[in-house]
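Each chain is listed here by its residues.
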Amino acid sequence: GISFGSVIAYSSYNKRTNDCIKDGIVVTLINCGTSIFGGFVIFSLLGYRAHKTNVSFENLKSGPGLAFIAITDAISAMGAGPLWSILFFFMLFLLGLDSQFGMLESLLTSMRDEIPILNKIRKE
């Protein structure tokens, strides 16, 4: 979540000599590349949908749920659509679960910093 300190908790595991500037540039470039690729996918699917339904591109639905509408429409048109839809929503479930692990990690790191006995537990 916002202001939970997840990124700071993750950074506490870095070496002191870590090149944070290089890491920041790499993460930024990967994020931008992923966004551009996602834009190509969504707008390609929207163009296909507009062509298939003979509706102009401007008259298609818009808003934050647009990606889910376009992707589920494309999945239903694919062969083995139910399998792909199960895999798609399972992926969304795993993304949400991973976000929860990130929030839990910030809490556990804070507890390990404040309660010294937790640092003495052996890792095996």
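Further up the page is the structure itself.
Being a predicted model, the structure only gives us computed values, none of them experimental.

Novice: I'd like a description of the overall build of the protein chain, backed by residues and values.
Specialist: A tally of regular secondary structure across the protein chain gives four helices and zero strands. Each helix (α) and strand (β) of the protein chain, taken in turn from the N terminus, gives the series α-α-α-α. Its C-alpha atoms give the protein chain a radius of gyration of 21 Å, more than 25% over the compact-globule value 14 Å for 124 residues. Overall size of the protein chain, expressed as C-alpha extent along the three principal axes, is 65 × 35 × 25 Å. A burial count over the protein chain gives 12% of its 124 residues as buried. Taking the intrachain contacts of the protein chain between residues at least 6 apart in sequence as the baseline, contacts between residues at least 24 apart amount to 50%. Counting every atom, the protein chain has about 10,200 Å² of accessible surface; 68% of that belongs to carbon and sulfur.

Novice: Lay out the environment of Gly63 with the relevant residues and their values.
Specialist: Topologically, Gly63 is positioned in the loop between helix H2 (20-53) and helix H3 (66-77). Since its relative accessible area comes to 40%, Gly63 is described here as partly exposed. When the C-alpha positions of Gly63 and Ile117 are compared, they lie 49 Å apart, and in sequence the two are 54 residues distant.

Novice: Can you tell me about H2, naming the residues and giving the values?
Specialist: End to end, H2 covers 49 Å across 34 residues, agreeing with the expected 50 Å (1.5 Å per residue, within 8%). Within the sequence span of H2, burial applies to Ile42, Leu46 and Ala50. One or two positions beyond H2, positive phi appears at Asn54, with a value near 55°.

Novice: Break down the packing of H2 against H3 for me, with residues and values.
Specialist: Look at H2 against H3: their axes get within 9 Å of each other, and the N-to-C directions meet at 65°. In the packing of H2 onto H3, the handedness of the crossing is left-handed. Facing Ile42, Leu45, Leu46, Arg49 and Lys52 of H2, the residues of H3 in contact are Leu66, Ala67, Ile69, Ala70, Ile71, Asp73 and Ala74. In terms of residue class, the contact of H2 with H3 is made up of nine nonpolar, no polar and three charged.

Novice: Please give an account of the packing of aromatic side chains that cites residues and values.
Specialist: Counted by the stated rule, this structure contains two aromatic pairs. Pairing Phe88 with Phe89 gives two aromatic rings, centres 5.1 Å apart and planes at 75°, and the pair type is edge-to-face.

Novice: Hey, could you go over helix H4 (residues 81-114) for me, with residue numbers and the actual values?
Specialist: An ideal rise of 1.5 Å per residue puts 50 Å on 34 residues; H4 measures up with 50 Å between its terminal C-alpha atoms. Within the sequence span of H4, burial applies to Gly81, Phe88, Gly102, Ser106 and Thr109. The elements touched by buried residues of H4 are helix H1 (6-11) and H3.

Novice: Go over the environment of Ile30, please, and point to the residues and values.
Specialist: Residue position: Ile30 is located in helix H2. With 43 residues separating them along the chain, Ile30 and Asp73 place their C-alpha atoms 27 Å apart.

Novice: So what's going on with the nonpolar core? Which residues, and what values?
Specialist: Ranked by size, the top nonpolar core spans six residues in total: Ile42, Leu46, Ala50, Leu60, Leu66 and Ala70. The contacts of Ala70, once residues within four sequence positions are left out, are Leu45 and Leu46.

Novice: Requested: an account of the packing of H3 against H4, with residues and values cited.
Specialist: For the pair H3 and H4, the least separation of the axes is 9 Å and the interaxial angle reads 150°. Seen from H3, the contacting residues are Phe68, Ile71, Thr72 and Ile75; seen from H4, they are Gly81, Trp84, Ser85, Phe88, Phe89 and Leu92. Partitioning the contact of H3 with H4 into residue classes produces seven nonpolar, three polar and no charged.

Thresholds, definitions, all that
- Residues numbered from 1 in each chain as written.
- Predicted model: local features only at pLDDT ≥ 70, side-chain atom pairs only at ≥ 80, totals over all residues.
- Heavy atoms only, no water.
- Helix = DSSP H or I, 4+ residues; strand = E, 2+ residues; numbered from the N terminus.
- Rg over C-alpha atoms; globule rule 2.2 N^0.38 Å.
- Buried < 20%, exposed > 50% of the residue type's maximum accessible area, 1.4 Å probe, protein only.
- Contact = heavy atoms within 4.5 Å.
- Areas by Shrake-Rupley, 256 points an atom, 1.4 Å probe, with all protein chains shown as cover.
- Expected span 1.5 Å × (residues − 1).
- Axes fitted to C-alpha atoms, helices over the stretch in contact; angles between N-to-C directions.
- Left-handed = near helix turned anticlockwise from the far one by under 90°.
- Nonpolar A, V, L, I, M, F, W, Y, C, P; charged D, E, K, R; others polar.
- Phe/Tyr/Trp six-rings, centres within 6.5 Å; stacked < 30°, edge-to-face > 60°.
- Core = buried A, V, L, I, M, F, W, Y, C linked by side-chain atoms within 4.5 Å.

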